[in-house]
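Coordinate analysis (summary)
The primary structure of each chain is shown beneath.
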Amino acid sequence: MKQTLTSSKRLQLGLVICALGCSVQTFAEISTDKAKALGSTLTFMGAEKKGNGQTIPDWSGPLSAPSGYKAGQKLVNPFKSEKPLFTITHGNLKKYKEQMTPGQLAMFAKYNNYKMPVYKTHRTMGYPDKLVASTKKNATATKLISTGNGLENYIEGIPFPIPQSGLEAIWNHIVRYRGGSAVRTIVQVTPQTNGDFVPVKFQEEFTFNTHLEDFDADKMKNSNILFYFKQEVLSPARLAGNVLLVHETLNQVKEPRKAWIYNAGQRRVRLAPQVSYDGPGTASDGLRTSDNFDMYNGAPDRYDWRLIGKKEIYIPYNAYALTSSDLSYSDIVKEGHINQDHARYELHRVWVVEASLKKGARHIYAKRVFYIDEDSWQAAVIDHYDARNELWRVAEAHALFFYLEKVPWYAFEVLYDLQSGRYLALGLNNEEKGSYQFGFRRRERDYTPQALRRSGRR
């Protein structure tokens with residue numbers, strides 16, 4: 001009898017084939033002919049336009065802003081009327097485990113009340129036309145430097161829409177478009193095992209080099225700055241006034257990240273070399289590293305990267321319900337994990353990338369496995385392993401799309417510690433006024449240590 005492959009089996013076969021062909025780190029360029037697939041069978045970001053013929057639809061363009069929506073307003077949930085197709089629980093877990101990560105399965109093993117509401121899949125992500133044009137150029141022009149820890153011939157957009165290695169895929173996440181410049185007020189929580197928490201409020205802003213008010217394209221050719229990032233603690237009182245400034249570099253071998261901290265109590269600015277790799281995250285109570293921020297950031301040089309392939313996974317997506325001003329932080333932050341009643345999971349194709357700590361390198365995570373959304377190049381889920389190769393922490397990013405500005409980003413990100421039973425959630429905005437402000441105008445001089453010192457308020 002002639003046998004046919006199911007969609008699931010075809011995906012598994014594809015994973016095996018790609019694992020054999022993509023396991024070695026390579027810096028091969030793609031041909032002009034191969035790049036022609038962008039905008040044809042692939043979106044300009046490199047995702048497959050076609051769905052799976054069943055649960056994943058074809059990509060038909062980014063989500064449009066609802067009628068009457070204005071910049072700066074709280075995001076409106078365009079899928080508010082939808083109900084879950086089903087909910088994954090302990091009772092039906094076996095039926096869906098092939099489309100879940102080991103970390104997600106570990107959350108079910110850890111918590112008896114854990115669940116995942118699964119909704120209809122909507123492929124809402126996209127980028128502005130300018131970024132689409134840049135990405136098309138990058139496809140054949142952008143290269144990894146010899147060690148893979150920086151980019152050449154890159155300005156903005158996705159550098160490797162058709163990735164040939166794990167390093168190329170992870171660089172797509174690191175440098176992806178987040179509006180060019182933005183300012184936001186967000187909250188971070190680190191609940192105790194009983195659910196009690198004290199919110200830490202940040203005001204954050206960043207500006208990519210290309211979006212500086214005094215940006216000079218000729219000067220940019222000799223610049224190694226990717227973007228500038230500033231984070232001020234607004235509360236609680238014991239931390240208020242402390243400010244972090246980061247100059248993120250593109251070629252991190254030529255010039256590592258630079259960081260400074262303004263200490264409000266001492267009224268002085270000092271270098272902060274610990275703001276990298278597994279240095280402690282700001283006010284994180286030891287629950288995240290510096291490179292856990294934005295799911296993953298910084299220099300990738302301490303790991304060997306392997307592109308395993310693509311797979312269909314249930315990932316947090318279109319998480320507009322979690323940004324609602326009808327919810328308080330205490331409605332979301334619960335014992336052990338966030339309130340999954342407000343979460344939304346959808347079946348999407350993801351790139352699977354494995355990062356293994358290099359021999360002789362140091363980091364508290366010996367291995368990380370990334371599940372990166374094909375439509376946005378954002379990391380959706382990351383499983384973190386300790387030195388004993390035991391699953392330690394599980395990161396989930398509840399993704400959404402800022403439809404007016406065409407910016408994929410996160411409602412917030414969560415990092416669950418399976419060993420301590422605690423977690424960190426970063427990016428909560430429900431009780432704050434308005435949404436993110438994009439197109440924030442700054443000059444290069446606004447991001448100097450001298451400017452940081454002058455801006456000290458305490």
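As a starting point, this report considers the structure included with it. (Residues numbered from 1 in each chain as written. Predicted model: local features only at pLDDT ≥ 70, side-chain atom pairs only at ≥ 80, totals over all residues. Heavy atoms only, no water.)

So, about unusual backbone geometry. A cis amide bond links Ser235 to the next residue, Pro236, at an omega of 5 degrees. Relative to the helices and strands, Pro236 is located in the loop between β7 (225-235) and β8 (243-249). Positive phi, close to 50 degrees, is recorded for Tyr277, a residue that is not glycine. Looking at where Tyr277 falls in the secondary structure, it is placed in the loop between β10 (268-271) and β11 (303-316). Within the chain, Asn389 stands out as a residue other than glycine whose phi angle is a positive 65 degrees. Note on placement: Asn389 falls in the loop between β14 (379-385) and β15 (391-402). (Helix = DSSP H or I, 4+ residues; strand = E, 2+ residues; numbered from the N terminus.)

Time to look at the packing of aromatic side chains. Enumeration according to the criterion identifies 26 aromatic pairs in this entry. Between Phe206 and Trp409, the aromatic rings sit 5.6 Å apart at their centres with planes inclined by 80 degrees, giving edge-to-face as the arrangement. Of this pair, Phe206 sits in strand β6 (residues 200-208) while Trp409 sits in strand β16 (residues 407-417), and the two are 203 residues apart along the sequence. Here Phe206 falls in the buried class, since its relative accessible area comes to 9%. Here Trp409 falls in the buried class, since its relative accessible area comes to 5%. Centre to centre, the rings of Tyr320 and Tyr403 are 5.8 Å apart; their planes meet at 25 degrees, and the pair counts as stacked. Taken as a pair, Tyr320 in the loop between β11 and α8 (329-332) and Tyr403 in the loop between β15 and β16 lie far apart in primary sequence, 83 residues in all. Across this residue pair, the class does not change: Tyr320 and Tyr403 are buried. (Phe/Tyr/Trp six-rings, centres within 6.5 Å; stacked < 30°, edge-to-face > 60°. Buried < 20%, exposed > 50% of the residue type's maximum accessible area, 1.4 Å probe, protein only.)

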